[in-house]
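A closer look at the structure
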Amino acid sequence: MTEYKLALVGFGGVNRALAQLIAERNERWKTELGFSLTIVGVTDLFQGSVINRQGLDAAALAALPVVEGALAQLPGGDATASNEAVIKDCGADMIAEATFTNPVDGEPATSFCRWALENGKHVVTTNKGPIALHGAALKALAQRNQVGFEYEGSVMSGTPVIRLARQLLAGSTISGFEGILNGTSNFVLTRMESGLGFSEAVKQAQTLGYAEADPTADVEGHDVRLKVVILANELLDAKINVNDVRCNGISALTLGDIEQARQNNARWKLIGAATRNADGSVSASVEPRLLSNDHPLASIGGATNAVSFTTDLIGTVTVSGPGAGRTETAFALLSDIISLHQCATQHRKTCP
Ligand SMILES: NC(=O)C1=CN([C@@H]2O[C@H](COP(=O)(O)OP(=O)(O)OC[C@H]3O[C@@H](n4cnc5c(N)ncnc54)[C@H](O)[C@@H]3O)[C@@H](O)[C@H]2O)C=CC1
Ligand SMILES: N[C@@H](CC=O)C(=O)O
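The notes below deal with the structure included here. (Residues numbered from 1 in each chain as written. Chains lettered and ligands numbered in written order. Predicted model: local features only at pLDDT ≥ 70, side-chain atom pairs only at ≥ 80, totals over all residues. Heavy atoms only, no water.)

1. A word on the overall build of the protein
Note the following rule: The numbering of helices and of strands both runs from the N terminus, where a helix is a DSSP run of H or I of at least 4 residues and a strand a run of E of at least 2. Note that the radius of gyration is over C-alpha atoms, with the globule rule given as 2.2 Å times the number of residues to the power 0.38. Buried means the residue's accessible area, taken with a 1.4 Å probe over protein chains only, is under 20% of the maximum for its type, while exposed means over 50%, and partly exposed covers the values in between. Two residues form a contact once any of their heavy atoms are found within 4.5 Å. Each accessible area value is a Shrake-Rupley result obtained with a 1.4 Å probe; residue values ignore everything except the protein chains displayed when judging cover. Only four residue types enter the tally: Lys and Arg on the positive side, Asp and Glu on the negative side, with His and both chain ends excluded. To locate a charge, take NZ of a lysine, CZ of an arginine, CG of an aspartate or CD of a glutamate.
Looking only at helices and strands, the protein has 12 helices and 12 strands in total. Relative to its length of 352 residues, the protein is compact, with a C-alpha radius of gyration of 20 Å against a globular reference of 20 Å. Expressed as lengths along the three principal axes of its C-alpha atoms, the size of the protein is roughly 60 × 45 × 35 Å. The buried share of the protein, taken over its 352 residues, is 52%. Across the protein, every contact between residues at least 6 apart in sequence was considered, and the portion connecting residues at least 24 apart equals 69%. If you sum the accessible surface of the protein, you get close to 14800 Å²; carbon and sulfur atoms cover 49% of it. Here the protein contributes 28 positive and 36 negative side-chain charges, whose respective centroids are spaced 4 Å apart.

Below, the structure is given as structure tokens:
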């Protein structure tokens, strides 16, 4: 049985949910998964930091109130965030990076990932910024340092989509995809269909833990743009960046637009898509589209996401599941850790 020492970088909704899962399920994982997780460090800009090389009590961590300097309440805790010390020196084998997604330059999360990888630590992250904006460099760094770098939760939260497509559609060529890739905007559109105003619906998405720190990223399509870049580069080998993706959000849609669509048996959806063209280039976009009610993506409601892959051998394959949520996204971190563990125990030469 392997024990992994884990540091949590960012202690918001997702990493708190991971601490809660560890508190509840670690014993079970020993027999079911062949490993256990010991949290040895936590750091957060707002809540401070704590290091304990023997292991912190995951239940006590998860139960801390979400207040400024909360981690100082623990023995050895401090009200300031010691990011560098926790990432480099707390004795962790891996870090779970879940600070805020910066859609402009991916920082400071990209530096956090880099510090960990350079210091021989595996990284699991749900943060879209480092992957969409610096994915190739970080993957190369991980390879050079012979550590894992996994980011399943960066697209569609806990719904397995990157690994599923990469591994289970291998042998077939994916020529494109279209999907609902943002839980918040889909939730907002669904609530507006019941007559709720845009701002009120955004507030509800924030309360439920779906929205980004700045929900503009959700409703203006910037979050989907990052996810389109990630999927296109992972699955179509597109080598595109955010400037290659035409991007429009849902903030201009009114209750009147939604009602008019309903009367025409249609629904507005924010669609992220990419397609390989005949000349080998890849076109990508994010835009609200009016889908007729019989379109496979039209019935996807609330924070649920779905993506349809176009493949050469088996036609269209659609994957649907949670697109946001604290526990759902923490599950993605767990699935990344499982993947790292399988890779380590099976001694695969090149692990996905
Ligand atoms: N909540 C969700 O449904 C999903 C979230 N994600 C991504 O996962 C990440 C975490 O999401 P949440 O936990 O929901 O966000 P959150 O806003 O609840 O937590 C982020 C935490 O990071 C901390 N933080 C910000 N800047 C920091 C810095 N420089 N150093 C240390 N800590 C810092 C904040 O104080 C906050 O506690 C984000 O990048 C988000 O885009 C991805 C998929 C779904
Ligand atoms: N804010 C995002 C969270 C997941 O990436 C969303 O709503 O989809």
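2. Here we look at the packing of helix 4 (residues 109–118) against helix 5 (residues 128–144)
This is how the line gets drawn: Only the contacting stretch of a helix is used when fitting its axis, a line to C-alpha atoms as for every element, and angles between N-to-C directions run 0 to 180 degrees. Note that the term roughly parallel is reserved for angles under 35 degrees, roughly antiparallel for angles over 145, roughly perpendicular for angles of 65 to 115, and oblique for everything else. Note that Gly is not counted as nonpolar here; it falls among the polar residues with everything else outside the nonpolar set of Ala, Val, Leu, Ile, Met, Phe, Trp, Tyr, Cys and Pro and the charged set of Asp, Glu, Lys and Arg.
Closest axis-to-axis distance for the helix 4/helix 5 pair is 10 Å, and the angle between their directions is 10°. In terms of orientation, helix 4 and helix 5 fall into the roughly parallel class. The residues of helix 5 that touch helix 4, namely those facing Ala-109, Thr-110, Cys-113, Arg-114, Leu-117 and Glu-118, are Pro-130, His-134, Leu-138, Leu-141 and Ala-142. In terms of residue class, the contact of helix 4 with helix 5 is built from 7 nonpolar, 2 polar and 2 charged.

3. Details of the sheet that holds strand 3 (residues 48–51)
Applied cut-off: One bridge is not enough; two strands pair if DSSP finds at least two bridges between them.
Within the open sheet, the 6 strands sit side by side as 3-2-1-4-5-6. Their pairing is mixed. The strands lining the two open edges of the sheet, one partner per strand, are strand 3 and strand 6 (149–150). One ladder, built from 8 bridges, connects strand 1 (residues 2–9) with strand 2 (residues 35–44); its direction is parallel. Its bridge partner being in strand 2, Glu-3 is matched across the sheet by Ser-36. Lying on the sheet, helix 4 is in contact with strand 1, strand 4 (94–97), strand 5 (122–125) and strand 6; it crosses strand 4 at an angle near 170°.

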